[in-house]
Amino acid sequence: MEFKIENLGNTFDAEIVQSLGNSEYVIKIQEKERNLKILNMTSNKIEFMLDNSYHVAKYLDSSTAKMTVVVDGLQITFDKHSELDKLVYKNSGAESVGDSQISLRSQIPGRVVSINANVGDKVKKGDVLCVLESMKMQISIKSHKDGLINSIKIKQGASVAKNDVMMEIE
Amino acid sequence: MEFKIENLGNTFDAEIVQSLGNSEYVIKIQEKERNLKILNMTSNKIEFMLDNSYHVAKYLDSSTAKMTVVVDGLQITFDKHSELDKLVYKNSGAESVGDSQISLRSQIPGRVVSINANVGDKVKKGDVLCVLESMKMQISIKSHKDGLINSIKIKQGASVAKNDVMMEIE
Amino acid sequence: MIEKILIANRGEIAIRVIKACKTYGLKSVAVYSDEDVNSRHTKMASEAYHIGAAPPSESYLNMEKIIEVALSSGADAIHPGYGFLSENPDFADLCEKKKLNFIGPNGKSLRLCGDKMLCKDAMIKAKVPTVPGSPGIVEEVEKALDIAHQIGYPVLLKSVFGGGGRGIRLVNNEKELREAFEMASGESKAAFGKSALLVEKFLPKIRHIEYQLFRDKHGNAVHAFERECSIQRRHQKLIEMSPSPAVDQKTRDEIGQLVIKAAHAVDYTNAGTAEFLRLDDGTFYFIEINARLQVEHPVTELVTGLDLVKLQIDIANGKEIPFKQQDLKLKGCAIECRINAEDTFLDFAPSTGPVPDVNIPSGPGVRVDTYLYPGCTVSPYYDSLMAKLVTWGETFEESRQKMQMALSDFYIEGVETSIPLYKTILDSKEFINGDLSTDFLERFKILDRLRDDIKKEVLNKTDAALAAVIIHSEFLKSRVKPHIGSSVRWKSQLDKT
Amino acid sequence: MIEKILIANRGEIAIRVIKACKTYGLKSVAVYSDEDVNSRHTKMASEAYHIGAAPPSESYLNMEKIIEVALSSGADAIHPGYGFLSENPDFADLCEKKKLNFIGPNGKSLRLCGDKMLCKDAMIKAKVPTVPGSPGIVEEVEKALDIAHQIGYPVLLKSVFGGGGRGIRLVNNEKELREAFEMASGESKAAFGKSALLVEKFLPKIRHIEYQLFRDKHGNAVHAFERECSIQRRHQKLIEMSPSPAVDQKTRDEIGQLVIKAAHAVDYTNAGTAEFLRLDDGTFYFIEINARLQVEHPVTELVTGLDLVKLQIDIANGKEIPFKQQDLKLKGCAIECRINAEDTFLDFAPSTGPVPDVNIPSGPGVRVDTYLYPGCTVSPYYDSLMAKLVTWGETFEESRQKMQMALSDFYIEGVETSIPLYKTILDSKEFINGDLSTDFLERFKILDRLRDDIKKEVLNKTDAALAAVIIHSEFLKSRVKPHIGSSVRWKSQLDKT
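### Describing the interface of chain B and chain C
Here's step 1: If you look at the interface, chain B gives seven residues, while chain C gives nine residues.
Here's step 2: Two residues, lysine 43 of chain C and glutamate 47 of chain B, come together in a salt bridge whose shortest N-O distance is 2.8 Å.
Here's step 3: Our count for the contact surface shared by chain B and chain C stands at four residue pairs in polar contact (both at pLDDT 80 or more).
Here's step 4: Elements with a contribution of two residues or more to the side of chain B that touches chain C: β4 (32-42), β5 (45-50) and β6 (53-59) of chain B.
Here's step 5: For the side of chain B that touches chain C, the residue count by class is three nonpolar, three polar and one charged.

Below is the structure:
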């Protein structure tokens, strides 16, 4: 993946290469392989050793376009953090199932941040219908097909589980 | 209510006399009225002002017979803390409804600590059928009638909401 | 003898005084506004009383209410801290009237210290050098020209009625002075019905050096050496230290003697501070007395071993100062950084709000006076000082290194702080060389350097940040679909914690 | 010059050394066992390496593994802390062989200090007084009787092979000595195939007083005054202080001169401690040298202003001690309480487990060296020292009062601690009067007083505890049935937080 630090302008490459088990991973940062061992992890904080040096990072609220972490007390904001909404979109049926599927299901457990459509609205495939928050990340949920919104099963502020039906589009 | 401190042997009287609103109360300790104002409260911790002096108390795991608090860093254990299980028993229908009611409902939200009966057991009114934990307190749940246990709806370790049916006794 | 002290203040200084009370077996009474129900000072004191709404005028400046609480709670003394009512002569008088021991100078002395012109006058009589200029108000332009000629251009023309930087004009020669005098005089008459102008020598590059002093009710006075407080922003101190790199032992003693004179001249009692300007040529000019315990008093405590609050209480009790001038020794070096909630890059604008998490540094030679705790709030109603970080070392360099270590360990979540600025200052060769002045930040373009330092620090932490981000991202993906081998493990990692 | 130090230790002392590294711009390498993955020293160091399982023999005592990590991580020096490998001459030799700078004495000196008989011999040659008794092993009972006659009864008969209190017999006269000699001799022959007995004067009531010393590689030696460590339990120190109430300036200097002699006698290098027993008549007897940084070194740091770890590094770097004996001054008074995880009433048995919450005291003159943080664990594998609480005051009384304040602010959830015991000791008139001895706890029945103090404290807090309990109880009832007026409010109180 590619990352850009907001106030530096530089672009960095980073990816997970291999899982070694026992919470240890080989990752690659700027073409260099590093060892990463997770000591503790919660939904908004991670403690880890990177090549035998300890770091603690806190995840602040983020959108899919930006990601802010406080690492060892220093706040760093990355642009274009991940391809997560694309993945969510893909899994929602947009590619595989097509128009036959009525239900727009949640591909991820989370909290409903906002609902951007009403019953009766005409929507196009790829329109953002609502935004979920999961692990301090905001993820846009897009329509998997063209159609008319038949019903909305979610409420703003409520939690949805993975695979919950959020809307029905016909 | 009467309280006895374990390692002192002394007995003390304390009760709530009046609610003044705004989280303030008049309480009576050993015949003396005192003002109590709650600053913060969670299920295992309370911060309050007692007559203009601040205190913080933590509730440690307790049974209905004993109650341990850490007040301003000092651990104190009380005997015979409250009449809570009597109250729970009374509300379960033991006095008001009588034998006609089949369901033993939870009078309190909590977690199931233990189940002391099996389907098919013959039980008598007042037998302890299970133990719930709520707010760091263990509360014995007694049968509200004589009868045969028809079904058990709860599992050890699971949570029950107030009014959930826990067992059916016919 | 004092047995129960009401602390008419909040924040770190209230906590400092409450701790002294606890240490010396005295009862403490805190007062708090609506905003401070959950503040540490409220919780730490033996007793705490609510005194009003958040704005200071309705609580911490409400003299009658505070006196009422003191009397009803059975306090026998009031410690005013700094700011709020600490230098208010009417409050000191009111305390005296109600037989409450005000831990500070009496009303008369406070009045004298508070009136810059009266105070300057007293100093001139006591032969304590003050900034050259007119001894009082100048009414005629010819008189102003005479004085300017005597003291030399450039001079400042100051309106008595203008506060802070307002109503101050810099003039470089006779012509400018004539024009400025006329204009200022006219403005003043239009605004206040009368004109009151002062002429004072303009001092372009100065150090701010102050002396800690004590004077007891028996007339004994001692000083506890100097503090250099030249590093400032918007005329407020940021970093203080003792000793000053610009003061040698001979100067220390000489100016110390002036400080004793100054204390006598205003019949001062209790702990106070005599402030001086120092020019590059070594000249010292007295400017004012701060008639209270100073924010930066820990600096003096660390180099002398004195407990200034204890000494304040002893003096208020009528005791004699328990040592002589020659018993005091300045040992090692102490530096204080004022940890403010402010945005350095927004012209030091206050930054307020909840502080979910805090890490307070510690270690040998590190002292932190603070009201911070995880989950506290920085209130917009009061000043921006959250903590005082003070380090002591045998030498300046040791103290500076400890400060750098402590600054890098200090973490305050949720608000902007002056910590990064201090790292840059402490790291600068000019600070290391002791080349200090009140225009230090501008003179050495410190904010530009700060920007560079932050970039460097971000680069240093980039690898760790990227590692954290890709782990986060993978974990999120694993929630969407268990399509990578590691996903189950992620889940269990989370469940464990 | 040392640039990167591996710290072959854990807990508070590892943190102490890592902070020194951070302060003075050196890199630090931590090592950790399975048990210490989440320990603070692991997280604070520049780098951290896993070295083995929880038992010390598989990790912190594993010389080869530690040397391997030092070499592979590029460390150029090893700080051993105290305990573990710190006084192991083989480890010091191994470091030397691998060209790692061992921060402590060399192997030869460690061997000499570690062998009590060789060390005593060296001291007798250097005219440092030791406890009267046989100069070496006594093989004949007649010889033992001679020595006992010379030094006077009662005497102790000690087996060289018995450790601690084992194999020590108290004899009061000739008859008892004859019997005991025969028995001990027989036992020793049966167990070890040979007999090795010592005769030593029995000292009934003693103080434990020790001196901090430094000696550099150029042969310069200084001492940094005494620490009194008489308050002990089961032969382990609980409270240490400097100065000792039993040492005046003349004695301080005289014994200090002996300490210098002792350091030379064993060709000591780096920081160490010479331990003495002091009798009520003022006699001092040397007992041993602790050839490492001592647990209680902060006491000396606070009264001298020295940074002992920095000095250790400087000496290891081959620098000369940067001051002379006469430059050192003992200022004020420092007291240290060792905050142990132990149950005072269960014969000081260790108390281990998770520590969900901690409050670490702070304030002027308060220093805490600790590995505790909320959520940490006290491991059963290592010693019970969780924290060192040290206070400094201008006088003993000020230091004592600060200690009382800090003890009452120290809160450690989940394990039993020695804090209540210290409150009782610090409060006792015997401690205040400086009437100290190694049998202080028994002599003044401190544990009985502690029981009383705890009862008093419980009574003081009863009202607050009752208030908390009835609120809790009412809230619980309100969950059962909203039958009292306040129940809805209770609910909302909870929801808010």
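### Here we look at the domain arrangement of chain A
Residues and elements named next belong to chain A.
Here's step 1: Domains assigned within chain A are domain 1 (2-79) and domain 2 (84-169).
Here's step 2: A C-alpha centroid distance of 28 Å is found between domain 1 and domain 2.
Here's step 3: In this assembly, ten residues from domain 1 lie in contact with seven residues from domain 2.
Here's step 4: Across the domain 1 to domain 2 interface the summed buried area is about 740 Å²; carbon plus sulfur atoms make up 57%.
Here's step 5: Connecting domain 1 to domain 2 are zero salt bridges.
Here's step 6: Along the contact surface separating domain 1 from domain 2 lie zero residue pairs in polar contact (both at pLDDT 80 or more).

### Some thoughts on helix α3 (residues 63-73) of chain D
All names here are of chain D.
Here's step 1: Inspection of α3 places Met63, Ile66, Ile67, Val69, Ala70 and Ser73 among the buried residues, and these make up the whole buried set. Down the axis of α3, the sector holding all buried residues measures 160°, keeping them to one side. Residues Glu64 and Ser72 are exposed on α3 and point more than 90 degrees away from its buried face.
Here's step 2: In this structure, the buried side of α3 is in contact with β1 (4-7), β2 (27-33), β3 (47-52), β4 (77-79) and α4 (89-97).

### Quick notes on the pattern of salt bridges
Residues and elements named next belong to chain C.
Here's step 1: Applying the stated criterion across every chain, the model contains 101 salt bridges over all chains.
Here's step 2: Taking the shortest distance from any N to any O, the salt bridge between glutamate 210 and lysine 237 comes out at 2.8 Å. Taken as a pair, glutamate 210 in strand β9 (residues 206-215) and lysine 237 in strand β11 (residues 236-242) lie far apart in primary sequence, 27 residues in all. The same class applies to glutamate 210 as to lysine 237, namely buried.
Here's step 3: For glutamate 254, the salt bridge is made with lysine 250, and the minimal N-O distance between the two is 3.2 Å.

### Considering the packing of aromatic side chains
Aromatic ring pairs: the centre-centre distance and the angle between the two ring planes describe each pair.
All names here are of chain C.
Here's step 1: Applying the stated criterion across every chain, the model contains 20 aromatic pairs over all chains.
Here's step 2: Here the aromatic rings of phenylalanine 84 and tyrosine 382 are separated by 6.4 Å at their centres, their planes lie at 75°, and the arrangement is edge-to-face. Linking phenylalanine 84 in the loop between β4 (77-79) and α4 (89-97) with tyrosine 382 in the loop between β20 (376-378) and β21 (385-393), this pair joins segments that are 298 residues apart in sequence.
Here's step 3: Under the relative-accessibility criterion, tyrosine 382 is labelled buried at 10%.
Here's step 4: Here the aromatic cluster, defined as three or more aromatic residues joined through ring pairs, consists of Tyr60, Phe84, Tyr381 and Tyr382.
Here's step 5: For arginine 10, the ring lying beneath its charged end belongs to tyrosine 371, and the centroid distance is 5.8 Å.

### Comments concerning the interface of chain B and chain D
Here's step 1: Taken together, the 54 residues of chain B in the interface contact 36 residues of chain D.
Here's step 2: Counting the surface lost from both chain B and chain D, the interface buries some 4,100 Å², and carbon and sulfur atoms represent 74% of this.
Here's step 3: When residues of chain B are sorted by the area they lose upon contact with chain D, Met41, Leu74 and Met135 of chain B head the list and together hold 14% of the total.
Here's step 4: Counting every contact that joins chain B to chain D gives four salt bridges.
Here's step 5: The shortest N-O distance in the salt bridge between arginine 34 of chain B and aspartate 463 of chain D comes to 2.5 Å.
Here's step 6: Put simply, chain B and chain D have five residue pairs in polar contact (both at pLDDT 80 or more) between them.
Here's step 7: Partitioned by chemical class, the residues of the side of chain B that touches chain D number 33 nonpolar, 16 polar and five charged.

Each value, and the rule that gives it
- Residues numbered from 1 in each chain as written.
- Chains lettered and ligands numbered in written order.
- Predicted model: local features only at pLDDT ≥ 70, side-chain atom pairs only at ≥ 80, totals over all residues.
- Heavy atoms only, no water.
- Contact = heavy atoms within 4.5 Å.
- Salt bridge = Lys/Arg side-chain N within 4 Å of Asp/Glu carboxyl O.
- Polar contact = N/O pair within 3.5 Å; in protein donor to acceptor, adjacent residues only side chain to side chain.
- Helix = DSSP H or I, 4+ residues; strand = E, 2+ residues; numbered from the N terminus.
- Nonpolar A, V, L, I, M, F, W, Y, C, P; charged D, E, K, R; others polar.
- Domains from an automatic or database assignment.
- Buried area = accessible area lost by both parts, 1.4 Å probe.
- Buried < 20%, exposed > 50% of the residue type's maximum accessible area, 1.4 Å probe, protein only.
- Arc of directions from axis to C-beta.
- Phe/Tyr/Trp six-rings, centres within 6.5 Å; stacked < 30°, edge-to-face > 60°.
- Lys NZ or Arg CZ within 6 Å of the ring centre and 35° of its normal.

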